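The lines below spell out each chain.
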Amino acid sequence: MATPEATVTMSAMDAFEKLEKVGEGTYGKVYRAREKVTGKIVALKKTRLHEDEEGVPPTTLREVSILRMLSRDPHIVRLMDVKQGLNKEGKTVLYLVFEYMETDLKKFIRSFRQTTEKVPLDTVKTLMFQLCKGVAFCHGHGILHRDLKPHNLLMDRKTMMLKIADLGLARAFTVPLKKYTHEILTLWYRAPEVLLGATHYSTGVDMWSVGCIFAELVTTQALFPGDSELQQLLHIFKLLGTPNEEMWPGVSKLMNWHEYPQWSAQSLTKVVPNLDNDGLDLLRQMLQYEPSKRISAKKAMDHPYFDGLNKDAL
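The name given to the protein chain in an unreviewed UniProt entry is Protein kinase domain-containing protein, with the source organism recorded as Cannabis sativa. Looking at the protein chain in UniProt, the text filed under Sequence similarities (unreviewed entry) is "Belongs to the protein kinase superfamily. CMGC Ser/Thr protein kinase family. CDC2/CDKX subfamily."

Structure, rendered in C-alpha cells:
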C-alpha cells in the first residue's frame with residue numbers, strides 16, 4: 001500500500017503537467033504548468049528545502065503563510081495552492097501553485113527599447129499606481145519586499161494588470177527592526193542605505209526601488225545601472241549629489257561610508273525629460289536620501305501625479 005508521502009507526491013505531480021521551465025529563483029525552479037483537471041495554466045514554483053531538516057522548515061511555512069495572507073490583494077500574485085512531494089532522492093519538495101501571468105515588466109520595457117518607442121505616459125501612470133497599491137498593501141501588513149525590480153513585477157499586456165511576485169525574501173518587519181543582511185536587492189534598484197551597510201532599515205528600501213522602476217518605465221533605461229556596489233553608489237551620487245550629514249543625518253556613520261568624490265545634485269529633468277512636473281515631484285520624493293523622508297506607498301497613491309486616473313478600476 002502506498003505511504004501517505006507517496007500519495008502526496010503522486011497528487012502533486014499528477015495534478016499538473018509541466019509545460020516549460022520559465023525561470024529559476026533563489027529558492028527553486030519555476031514552471032509553466034497545466035492543471036490536468038481544469039486545463040488552467042498555472043505557475044508552479046518548486047521549492048527546495050534544507051537538506052538536513054525533517055519535513056518542512058518553519059521559514060518555508062512562514063513564507064507560505066505570508067504569501068497566503070498577501071494573496072488577498074489584487075496586485076500581489078495569487079498563491080492558489082501548496083502541494084508537498086518527494087524528489088528522486090526522497091527529500092521533501094514543496095510545490096507552490098501560483099496564478100500564471102504571461103509577462104513581466106522587464107520584458108515589457110525591453111519590448112519598447114527594441115523599437116525606440118517610449119511606454120505611453122498613461123500606461124506608466126496606470127502601472128505605477130498599481131505598483132504603489134501593491135506595495136502599500138505589503139507595508140500595511142508589516143511586510144517588506146526587499147527585492148522589487150521589473151523582473152519581479154508580473155503583468156498582463158491585454159488588461160495592463162500588474163502584480164508583485166517573488167516575495168521569497170519578504171520578512172515581517174517588526175519593531176524594533178531586526179538586523180538584516182545587506183546581501184539582498186539586485187544592485188540597480190538597491191537603496192543607498194543598504195549599499196552603505198545599514199543593518200536596520202524599513203519601508204524606504206522598497207520605495208527607493210519603486211522610484212528606480214518609475215524612471216525606467218518612463219525612459220526604458222535603468223536609472224542607476226551599476227555593476228558593483230561602489231559603481232552603484234557613484235551612479236546615485238552623480239545624479240543626486242554626494243550625500244553629507246546635512247542632507248542625510250547619520251550617513252557618515254554607516255559601515256561602508258568612505259570619502260567619496262563630491263558631486264552636486266543634477267536636475268531630474270535631465271535624466272527623465274518626458275515626465276511632467278507632478279511625476280518629477282513624485283520621483284523626487286521616492287529618491288530622497290534620508291529613508292524616513294521618502295514618500296510612503298500609501299501617500300504616493302494620493303499624489304497629484306495620479307489625479308485623473310480611474311483609481312477604483314485599478
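So that's the structure; there's more coming.
Colleague: Account for the packing of helix 4 (residues 121-140) against helix 6 (residues 204-219), naming residues and giving values.
Modeller: One can describe the packing of helix 4 onto helix 6 by two numbers: an axis separation of 10 Å at closest approach and a directional angle of 170°. Put simply, helix 4 runs roughly antiparallel to helix 6. Our pair here, helix 4 against helix 6, has a crossing hand that is right-handed. Contact residues: helix 4 offers L121, V124, L127, M128, L131, C132, V135 and H139, while helix 6 offers D206, M207, V210, I213, F214, L217 and V218. Classifying every residue of the contact of helix 4 with helix 6 by side-chain character gives 13 nonpolar, one polar and one charged.

Colleague: Break down the pattern of salt bridges for me, with residues and values.
Modeller: Between side chains of opposite charge, a pair can form as their charged atoms come close. Taken as a whole, this structure holds 10 salt bridges when the rule is applied. For D104, the salt bridge goes to K107, with nearest N and O atoms at 3.8 Å. Exposure remark for D104: the relative accessible area of 5% places this residue in the buried category. For K107, a relative accessible area of 45% puts it in the partly exposed group. Its salt-bridge partner being K293, residue E290 comes within 3.0 Å of it at the nearest N-O pair. For K293, a relative accessible area of 53% puts it in the exposed group.

Colleague: Which residues make up the sheet that holds strand 9 (residues 161-164), and what are the values?
Modeller: Reading across from one edge, 6-8-9 is the order of the three strands in this open sheet, with antiparallel pairing throughout. With partners counted over all chains shown, the strands left at the sheet margins are strand 6 (103-104) and strand 9, one partner each. In terms of strand pairing, strand 8 (residues 153-156) meets strand 9 through four bridges, oriented antiparallel. By the bridge assignment for strand 9, D156 is matched with M161.

Colleague: Break down the packing of aromatic side chains for me, with residues and values.
Modeller: Scanning the model with the defined rule gives nine aromatic pairs in all. Between the aromatic rings of F129 and F306, the centroid separation amounts to 5.3 Å while the plane-to-plane angle is 70°, which identifies the pairing as edge-to-face. Of the two residues, F129 sits in helix 4 while F306 sits in the segment after helix 10 (297-301), which places them 177 residues apart along the sequence. The exposure class of F129 is buried, given its relative accessible area of 3%. Relative accessible area serves as the criterion here: at 0%, F306 is assigned to the buried category. What links up through ring pairs into an aromatic cluster is the set F237, W248, W257, Y260 and Y289.

Colleague: Give me the pairing of strand 5 (residues 92-99): which residues, what numbers.
Modeller: Counting buried residues in strand 5 gives eight out of eight residues, a clear majority hidden from the surface. Taking the residues between adjacent antiparallel strands as the criterion, strand 4 (residues 79-86) and strand 5 are bridged by five residues, where G90 takes a positive phi near 85°.

Colleague: Lay out helix 3 (residues 105-113) with the relevant residues and their values.
Modeller: Those residues of helix 3 lying buried are L105, F108, I109 and F112. Along the long axis of helix 3, the arc covered by the buried residues comes to 95°, so they all point the same way. For helix 3, the elements touching its buried residues are strand 6, helix 4, strand 8, strand 9 and helix 6. Its side-chain oxygen at 2.9 Å from the backbone nitrogen of K106, D104 defines the N-terminal cap of helix 3.

Colleague: Quick rundown of the packing of helix 6 against helix 9 (residues 277-286)? Include the residues and the values.
Modeller: Helix 9 packs onto helix 6 with a crossing angle of 145° between their chain directions and a minimal axis gap of 8 Å. Between helix 6 and helix 9 lies a crossing of left-handed hand. Here helix 6 contributes M207, W208, V210, G211, F214 and A215 to the contact with helix 9, which in turn contributes G279, L282, L283 and M286. Looking at the contact of helix 6 with helix 9 residue by residue, the classes come out as eight nonpolar, two polar and no charged.

Colleague: Describe the side chain of Q130, with residues and values.
Modeller: Within the secondary structure, Q130 is located in helix 4. For Q130, a relative accessible area of 1% corresponds to the buried category. In this structure the side chain of Q130 is engaged in a polar contact, spanning 2.9 Å, whose partner is the backbone nitrogen of L162. Other than its neighbours up to four places away in sequence, Q130 contacts H75, M160, M161, L162 and L314.

Colleague: Can you explain the UniProt feature "binding site: ATP" (unreviewed entry) in the protein chain? Please cite residues and give values.
Modeller: Mapped onto this numbering, the UniProt entry gives "binding site: ATP" (unreviewed entry) at K45. Note on K45: relative accessible area 8%, which makes it buried. Discounting chain neighbours no more than four positions away, the residues touching K45 are K29, V30, E63, L94, Y95, L96, F98 and D166.

Calculation criteria
- Residues numbered from 1 in each chain as written.
- Predicted model: local features only at pLDDT ≥ 70, side-chain atom pairs only at ≥ 80, totals over all residues.
- Heavy atoms only, no water.
- UniProt positions renumbered as here; feature names shortened; annotations may be inferred.
- Axes fitted to C-alpha atoms, helices over the stretch in contact; angles between N-to-C directions.
- Helix = DSSP H or I, 4+ residues; strand = E, 2+ residues; numbered from the N terminus.
- Parallel < 35°, antiparallel > 145°, perpendicular 65-115°, else oblique.
- Left-handed = near helix turned anticlockwise from the far one by under 90°.
- Contact = heavy atoms within 4.5 Å.
- Nonpolar A, V, L, I, M, F, W, Y, C, P; charged D, E, K, R; others polar.
- Salt bridge = Lys/Arg side-chain N within 4 Å of Asp/Glu carboxyl O.
- Buried < 20%, exposed > 50% of the residue type's maximum accessible area, 1.4 Å probe, protein only.
- Pairing = 2+ DSSP bridges.
- Phe/Tyr/Trp six-rings, centres within 6.5 Å; stacked < 30°, edge-to-face > 60°.
- Arc of directions from axis to C-beta.
- Polar contact = N/O pair within 3.5 Å; in protein donor to acceptor, adjacent residues only side chain to side chain.

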